[in-house]
Amino acid sequence: MKRAIFWLVILVLHVYAGFQFGMPYYRYTAFKSDVKEIAKVSIEGEEKTKGQIFQRAQELKIPIEEKDLVVTRTDKILQIKASWSETVDLFGIYQKTLNFTVNTQE
């Protein structure tokens, strides 16, 4: 019985760690995909596009400031750059900082 409880606790800890590390990566991939889509269909100015991207970042709870977003248009190419860091904390015992960067040209 003790052995079963031990393995159950180990399983729960693995699921918890997977969730804690998986969510930042999920937000990153979802945000990167959304930025590409916004860049493809954007015909408006850079400031309005920047506002749409920032709004999407807020919806995904990405820790980024609007000043950290760089939106530039050269000829017909829209370039969007953003970067941020998230720290994953596992019970205060282990902490890891994850750095994310989005650099899209459409």
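Before any of the text, the structure's been laid out above.
Counting from 1, residues in each chain are numbered in the order their sequence is written. Owing to the predicted nature of the model, reporting of local features is limited to residues with pLDDT of at least 70; listing and counting of side-chain atom pairs is limited to 80 or more, with chain, interface and lining totals taken over all residues. To obtain the side-chain values, all non-hydrogen atoms of the structure were used and water was disregarded.

## A few points about the packing of aromatic side chains
We apply this condition: Working definition: a ring pair exists when centres of Phe, Tyr or Trp rings (six-membered ring for Trp) sit within 6.5 Å. Plane angles under 30 degrees give stacked, over 60 give edge-to-face, the rest tilted. Runs of E in the DSSP output that reach at least two residues are strands. Runs of H or I that reach at least four are helices, and both are numbered from the N terminus. Using a 1.4 Å probe on the protein chains alone, a residue whose accessible area is under 20% of its type maximum counts as buried, one over 50% counts as exposed, and one in between counts as partly exposed.
Counted according to the given criterion, the structure contains seven aromatic pairs. Measuring from ring centre to ring centre gives 5.3 Å for Tyr-25 and Phe-100, while their planes differ by 85 degrees; the resulting arrangement is edge-to-face. Of the two residues, Tyr-25 sits in helix α1 (residues 2-41) while Phe-100 sits in strand β3 (residues 94-105), which places them 75 residues apart along the sequence. Relative to Trp-84, the ring of Phe-31 has its centre 5.5 Å away and its plane inclined at 85 degrees; by these criteria the two rings are edge-to-face. Separated by 53 residues along the polypeptide, Phe-31 in helix α1 and Trp-84 in strand β2 (residues 77-90) bring together distant segments of the chain. In this structure Phe-31 comes out as buried when scored by relative accessible area, which is 1%.

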